[in-house]
Amino acid sequence: MTKSRSSALFSAAQTRIPGGVNSPVRAFRGLGRDPFFIERAEGARLWDVDGHEYIDYVGSWGPAILGHAPPVVVAAVQKAATRGISFGIPNPLEVEMAELICAWVPSIEKVRMVNSGTEATMSCIRLARGFTRRDKVIKFEGCYHGHVDSLLVQAGSGSLTHGQPDSAGVPAELARLTIALPFNDIDAVRTAFRENSGQIAAVILEPIPANAGLYLPRASFLQSLRDECTAAGALLIFDEVMTGFRLARGGAQEIYGVAPDLTALGKVIGGGLPVGAFGGSAQIMNQLSPDGPVYQAGTLSGNPLAMAAGLAQLRELERIDAWQLLDKLGAELQEGICGRMRCFEKPFTFHRLGSMFCLFFTDLPVFDLASAKRSKPALFAEYFRFCLERGVYFAPSQFETGFLSAAHTSADIEKTCAVAGDALARLGRAA
Ligand SMILES: *Cc1c(COP(=O)(O)O)cnc(C)c1O
């Protein structure tokens, strides 16, 4: 058999790029096959360099909420590029973007643009520490906030002891300032606040965790966190890099009616260009340089192409009321997959909120990292491969979330449910 172009490219990539990829999940580890290389993407579809076509449920990990290469975004980028690609000096699009974000997310009075979600959360942590003059941070196991040193930490299960580095290269001294707790466990949070009285700068979380599969906050968990933070003088940071502008115009904070002190944004906000943002009350944001003592900067921050792409995407979302459309498509997908699952009473659990979804290969409830880990990796890998071979591309890891875009059609979803149903029937027979 001749080698596919993707395999040849992957071999070449492995010689010159660590693991052959610029972000680890792209390597398809543990799935029993090489990654494919993309030639082109449009709407809900991807085409690889070997000519295979896929219905895409990754959407560049979230940014492609209108589908790939949406004409309004492409036109905005082209128009902006003809006027100059980067200035490093203020441009009007930055003001438009800041005003739009503040109008859509009421907890944000002032906002800074950055170049990735990682930069956004990193800056939130520094700002929270500078504002409170405290050093410790509470995070939750299974929540991902980019590859920020102090957030790459996940303590031993349920333990309130100080964290161990999750990654080589994170100094233990730094990891000790991070307390990792089980998601949805408010008692653990209360205990941590008690044991670290006056030392907690912030609690950071994905209000809807979507980086260990997808699971939801229990009723009142977010409000209880809000109350605990307020009582302790700590800042509440919502990492809405994934959920911001995807689940609702005002993000998860609008859905749950809980206002954080700081919000990190990314992904959808850049329309596919490298963008992040963080914002909050004027009082806190005024601590940033040049007004305040907390340093934060970026050569390419507020880049005109990125602002143009983001603004075009966000305005189009509002114009077509994409959130309602995405929820309708999500309901169709859920109906289709769950309907088929019911036919063979096998151990699968399907979670969905709006256009985000995840299938776990367990029938036990999933509400935190430990319960998400009950999903059986071998079943996931087989399901993934089966669907991919039939032209349906789901996220290549159990611990990721699926995304619908406004470019998916009911026909795409019908086909997807048929393929997924066949995969589950096969796994069900084997299980
Ligand atoms: C993707 C993601 C990040 C990191 O964003 P990058 O742009 O990859 O740096 C941070 N937080 C959450 C919740 C994310 O999903």
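Residues numbered from 1 in each chain as written. Predicted model: local features only at pLDDT ≥ 70, side-chain atom pairs only at ≥ 80, totals over all residues. Heavy atoms only, no water.

Chemist: I keep staring at the overall build of the protein and nothing clicks. Help me out?
Modeler: The number of helices and strands found in the protein is 14 helices and 14 strands. Its C-alpha atoms give the protein principal-axis dimensions of roughly 60 × 55 × 45 Å. Counting the 431 residues in the protein, one finds 57% classified as buried. Pairs at least 24 apart in sequence give 71% of the contacts found in the protein among residues at least 6 apart. Accessible surface computed for the protein: about 18300 Å², of which carbon and sulfur atoms make up 53%. Within the protein, one finds 41 positive and 43 negative side-chain charges whose respective centroids are separated by 3 Å. (Helix = DSSP H or I, 4+ residues; strand = E, 2+ residues; numbered from the N terminus. Buried < 20%, exposed > 50% of the residue type's maximum accessible area, 1.4 Å probe, protein only. Contact = heavy atoms within 4.5 Å. Areas by Shrake-Rupley, 256 points an atom, 1.4 Å probe, with all protein chains shown as cover. Lys, Arg positive; Asp, Glu negative; His and termini not counted. Charge placed at Lys NZ, Arg CZ, Asp CG, Glu CD.)

Chemist: Help me out: how do you make sense of the nonpolar core in this one?
Modeler: For soluble globular proteins, nonpolar side chains are generally found buried alongside one another. Ranked by internal contacts, the top residues of the largest apolar core, which has 39 residues, are Phe361, Tyr383, Tyr393 and Leu424. Listing elements by their share of this core, those giving two or more residues are β3 (53-56), α11 (322-342), β12 (356-360), α13 (377-389), β13 (392-393) and α14 (410-430). Once you skip the residues sitting within four places of it in the chain, Tyr393 turns out to touch Phe28, Phe36, Leu46, Tyr54, Ile55, Asp56, Tyr57, Val58, Phe384 and Leu388. (Core = buried A, V, L, I, M, F, W, Y, C linked by side-chain atoms within 4.5 Å.)

Chemist: Could you clarify how one ought to interpret helix α4 (residues 117-132) in this entry?
Modeler: Residues that lie three or four places apart on an α-helix share one face, since the helix turns once every 3.6 residues. Over its 16 residues, α4 extends 23 Å from the first C-alpha to the last, a length consistent with the 22 Å expected when each residue adds 1.5 Å. Along α4, 12 of the 16 residues are buried, which leaves the element largely enclosed by surrounding structure. Turning to α4, its buried residues are Gly117, Thr118, Glu119, Ala120, Thr121, Ser123, Cys124, Ile125, Leu127, Ala128, Arg129 and Thr132. One or two steps after α4, the chain reaches Arg133, where phi turns positive at roughly 55°. (Expected span 1.5 Å × (residues − 1).)

Chemist: I would appreciate a short explanation of the side chain of Arg226 in the present structure.
Modeler: With respect to the helices, strands and loops of the structure, Arg226 is situated in helix α7 (residues 221-232). Within polar-contact distance, the side chain of Arg226 engages the side chain of Asp261 at 3.0 Å. (Polar contact = N/O pair within 3.5 Å; in protein donor to acceptor, adjacent residues only side chain to side chain.)

Chemist: Would you mind going over the environment of Arg390 with me for this structure?
Modeler: Note that Arg390 resides in the loop between α13 and β13. What makes Arg390 partly exposed here is its relative accessible area of 35%. Arg390 sits 18 residues away from Ala372 along the chain, and the two C-alpha atoms are 27 Å apart. Apart from residues no more than four positions distant in its own chain, Arg390 is found in contact with Lys415 and Val419. In this structure the side chain of Arg390 is engaged in a polar contact, spanning 2.9 Å, whose partner is the backbone oxygen of Phe386.

Chemist: I tried to follow the site of the ligand on my own but got confused; where do I start?
Modeler: As a matter of local geometry, the ligand sits amid Ser116, Gly117, Thr118, Tyr144, His145, Gly146, Glu206, Asn211, Asp239, Val241, Met242 and Lys267. For the ligand, an oxygen atom lies 2.6 Å from a polar atom in the side chain of Lys267. Computed on the free molecule, the ligand has an accessible area of 380 Å², of which 83% lies beneath the protein chains in the complex. Broken down by class, the residue content of the shell around the ligand amounts to three nonpolar, six polar and three charged. (Near = heavy atom within 4 Å. Nonpolar A, V, L, I, M, F, W, Y, C, P; charged D, E, K, R; others polar.)

Chemist: Any chance you could explain the sheet that holds strand β1 (residues 38-42) here in plain terms?
Modeler: What links the strands of a sheet is backbone hydrogen bonding, and the strands pair in either a parallel or an antiparallel sense. Read across the open sheet, the four strands follow the order β1-β2-β3-β13; overall the sheet is mixed. The open sheet has two free edges, formed respectively by β1 and β13, since each of these has just one partner strand. (Pairing = 2+ DSSP bridges.)

Chemist: Just to check I follow, could you spell out a nonpolar patch on the surface for this structure?
Modeler: Together, Leu216, Ile255 and Tyr256 make up a nonpolar patch on the protein surface, roughly 230 Å² of accessible area in all. For Ile255, a relative accessible area of 39% corresponds to the partly exposed category. (Patch = residues over 30% accessible without salt bridge, like charges linked within 9 Å, V, L, I, M, F, W, Y side chains within 5 Å. Salt bridge = Lys/Arg side-chain N within 4 Å of Asp/Glu carboxyl O.)

Chemist: Help me understand the pairing of strand β9 (residues 262-266), please; the structure alone is not making it clear to me.
Modeler: Consecutive side chains of a regular strand alternate in pointing toward one face of the sheet and then the other. Burial of β9 is extensive: five of the five residues sit out of reach of the surface. The alternating pattern of β9 places Leu262, Ala264 and Gly266 on one face and Thr263 and Leu265 on the opposite face, and all of these are buried. Handedness of the crossover joining strand β8 (residues 235-239) and β9 through helix α8 (residues 251-256): right-handed. In the sheet, β9 pairs with strand β10 (residues 276-280) via five bridges, with the strands oriented antiparallel. The partner of Ala264 across the bridge, within β10, is Phe278. (Right-handed = clockwise from strand over helix to strand, strands pointing away.)

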